[in-house]
Amino acid sequence: MSFATEAAELDARDPLSGKRAEFDLDPGLSYLDGNSLGAPPRTVATRLEEVIRKQWGGRLIRSWNEGWWNAPERVGDRIAPLIGAAPGQVVVGDATSVNVFKAVVAAVRLNPGRTEILLDAGTFPSDGYIVDSAARLTGHAVRRAAPSEMAGAVTERTAVAVVNHVDYRTGRRHDLPGITAALHAAGALAVWDLCHSVGAMPVGLDAAEVDLAVGCTYKFLNGGPGAPSFFYVPARYQDRLDQPLTGWAGHADPFGMAEEYAVAPGVSRARTGTPDILSMLALDAALDVWDDVTIEQVREKGLALGDFFLRCLDGLVPGAEVVTPRDHERGNQISVLWPDAGRVMGLLTERGVIGDFRPPDVLRFGLAALYVRYRDVLRAAEELAAQA
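Residues numbered from 1 in each chain as written. Predicted model: local features only at pLDDT ≥ 70, side-chain atom pairs only at ≥ 80, totals over all residues. Heavy atoms only, no water.

(A) Main features of helix α7 (residues 176–185). Of all the residues in α7, the buried ones are Leu176, Ile179, Thr180, Ala182 and Leu183. Angularly, the buried residues of α7 cover 160 degrees about the axis, an arc narrow enough to put them on a single face. The N-terminus of α7 is capped by aspartate 175, whose side-chain oxygen sits 2.9 Å from the backbone nitrogen of glycine 178. Looking one or two places after α7, you find glycine 187, whose phi comes out positive at around 85 degrees. (Buried < 20%, exposed > 50% of the residue type's maximum accessible area, 1.4 Å probe, protein only. Helix = DSSP H or I, 4+ residues; strand = E, 2+ residues; numbered from the N terminus. Arc of directions from axis to C-beta. Polar contact = N/O pair within 3.5 Å; in protein donor to acceptor, adjacent residues only side chain to side chain.)

Laid out in structure tokens, this is it:
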């Protein structure tokens, strides 16, 4: 059977094949960069027009009391099932870097008397910048370790470890339950960055007893460029969470204008500033695509897309060096080492196959299962073969 025939049969049998029609995507485009910026669901434009014309334009400031102010918690509850969290433990707002800062400082305050922060050695650079800054402010030392080595690296000095669930370069998935348990056994806390796993695979935060977690919403959740991130705070910590950016949105009576800060109850204490309503409600609309699918279905297809892509690469580009695990210890992306990766990805993009690259030589292909087709990954392999 040819790869083209196999791709056609797989697309025909795909139970999620109809979901692509819910996105505003050119039918001729193979979009494989949802791990950087998700495609826009069609509902978003309609919802934003309603927000702008009816809520902002029609109701004006009254809209704050008609759903705007509580949107961070409400939208957080929509994300919660996708990361294995019970309601009332996820709040949406602020950029990912801001929430990483809040989580790291809050974690060392929850675990006083320890002098060290353990950091994923392959972390997304922004997380590293934030951790280094938080450590300077709190007087902690930073030590880096590969996630696979954290069980042996954690010591009695470690207050918290900051770990990426999926490596952004290689797509390797790290053992969230196992690493969390190892950290807890040594008395340390675990802060997880879920940017490359939320919306791509089950996460299971409550089951793994993760301490704090942060994730973005503009990748596999399709929230749009600059969409606000989320902050997971389990119920067991909500009465003790002492996050450092105590802005008015996290106040128990934000409109009381009291001079002294009084912390809000529950997960709302993780809030900081005024919600970015247009982005927040665009994300809310984007989450509608999950109403009739499960994260398990998305994960199953994402792995199947990756398996097929690997077979196509092996057959069409036998010299390609794949750095993503070939087993299922990976996220929903495939990364390939390629000389002059930036130029080559530019050529693929011109031909309607959009992925991305990370310096110096990594081509990344995101497998967003809600809209990526099997013929899209075959096309990417064919275009790479033409550049070999």
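(B) Representation of the UniProt feature "binding site: pyridoxal 5'-phosphate" (unreviewed entry) in the chain. Mapped onto this numbering, the UniProt entry gives "binding site: pyridoxal 5'-phosphate" (unreviewed entry) at Thr96, Ser97, Phe124, Pro125, Ser126, Asp127, Asp193, His196, Tyr218, Trp248 and Thr274. Of the residues just listed, which span 179 residues, the most distant C-alpha pair is 30.3 Å apart, and they do not cluster in one region. Of the annotated positions named here, the largest pocket is lined by Thr96, Ser97, Phe124, Ser126, Asp127, Asp193, His196 and Tyr218. Along the chain, histidine 196 falls in the loop between β6 (189–193) and α8 (205–208). Classification of histidine 196 by relative accessible area gives buried; the value is 7%. Apart from residues lying up to four places away in sequence, histidine 196 is in contact with Asn35, Val166, Tyr168, Lys219, Phe220, Gln333 and Arg364. Residue placement: threonine 274 occurs in the loop between β8 (230–232) and α9 (277–286). With near-sequence residues (within four places) excluded, threonine 274 lies in contact with Trp64 and Trp248. Separated by 3.0 Å, the side chains of threonine 274 and tryptophan 248 make a polar contact. (UniProt positions renumbered as here; feature names shortened; annotations may be inferred. 1 Å grid on protein atoms, 1.4 Å probe; cavity = no way out; pocket = protein on both sides within 12 Å on 5 of 7 lines; lining within 4 Å. Contact = heavy atoms within 4.5 Å.)

(C) Focus on the layout of surface pockets. Of the volumes computed, that of the largest pocket is approximately 240 Å³. Taken together, 19 residues make up the lining of the largest pocket; nearest its centre are Thr96, Ser97, Phe124, Cys195 and Tyr218. Looking at the lining of the largest pocket, the elements that each hand over two or more residues are α4 (96–110) and α5 (125–138). Grouping the constituent residues of the lining of the largest pocket by class yields seven nonpolar, six polar and six charged. There is about 190 Å³ of room inside the second largest pocket. Contributing to the lining of the second largest pocket are Leu10, Arg13, Asp14, Pro15, Leu16, Gln297, Glu300, Lys301, Ala304 and Tyr374. (Points joined across faces, edges and corners; volume = space filled by probe spheres on them. Nonpolar A, V, L, I, M, F, W, Y, C, P; charged D, E, K, R; others polar.)

(D) Representation of the pattern of salt bridges in the model. Per the stated rule, a full pass over the model turns up 29 salt bridges. The partner of aspartate 288 in a salt bridge is arginine 78, and the shortest N-O contact between them spans 2.9 Å. In this pair, aspartate 288 sits in the loop between α9 and α10 (295–316) while arginine 78 sits in helix α3 (residues 71–79), placing the two residues 210 residues apart along the sequence. Taking the shortest distance from any N to any O, the salt bridge between glutamate 383 and arginine 351 comes out at 2.7 Å. Residue glutamate 383 is located in helix α12 (residues 374–387), and its partner arginine 351 is located in the loop between α11 (341–350) and β11 (353–354); the two are separated by 32 residues in the primary sequence. A residue is classified by how much of its surface remains accessible, and glutamate 383, at 10% relative accessible area, is buried. (Salt bridge = Lys/Arg side-chain N within 4 Å of Asp/Glu carboxyl O.)

(E) Looking closely at the packing of aromatic side chains. Within the structure shown, the criterion is met by 11 aromatic pairs. Here a set of aromatic residues connected by ring pairs shows up, and it is made of Trp64, Trp68, Trp69, Trp248 and Phe255. The aromatic ring of tryptophan 69 is capped on one face by arginine 271, whose charged end is 4.6 Å from the ring centroid. (Phe/Tyr/Trp six-rings, centres within 6.5 Å; stacked < 30°, edge-to-face > 60°. Lys NZ or Arg CZ within 6 Å of the ring centre and 35° of its normal.)

(F) The sheet that holds strand β9 (residues 321–322), seen in detail. An order of β9-β10-β13-β12 is seen for the four strands of this open sheet, with the pairing classed as antiparallel. Whereas interior strands pair on both sides, the edge strands pair on one side only; in this sheet they are β9 and β12 (356–358). Pairing of β9 with strand β10 (residues 333–337) involves two bridges; the strand directions are antiparallel. Across the sheet, residue glutamate 321 finds its bridge partner in β10, namely leucine 337. Across the sheet, α10 touches β9, β10 and β13 (362–366), and the angle it forms with β10 is around 25 degrees. Packed onto the sheet, α11 meets β12 and β13 and runs at close to 35 degrees relative to β13. (Pairing = 2+ DSSP bridges. Axes fitted to C-alpha atoms, helices over the stretch in contact; angles between N-to-C directions.)

(G) Representation of the pairing of β6 in the model. With five of five residues buried, β6 lies mostly within the body of the structure. In this fold, strand β5 (residues 158–164) hands off to α7, which returns the chain to β6; that crossover is right-handed. The sheet contact formed by β6 and strand β7 (residues 212–215) spans three bridges and is parallel. Its bridge partner being in β7, valine 191 is matched across the sheet by leucine 212. (Right-handed = clockwise from strand over helix to strand, strands pointing away.)

(H) Seen up close, the sheet that holds strand β2 (residues 90–92). The seven strands lie next to each other as β2-β8-β7-β6-β5-β3-β4, forming an open sheet whose pairing is mixed. Each edge of the open sheet carries a strand with a single partner, namely β2 and β4 (141–145). Across this sheet, the average inter-strand angle for adjacent strands is 20 degrees, counted without regard to direction. Across five bridges, the pairing between β5 and β6 is parallel.

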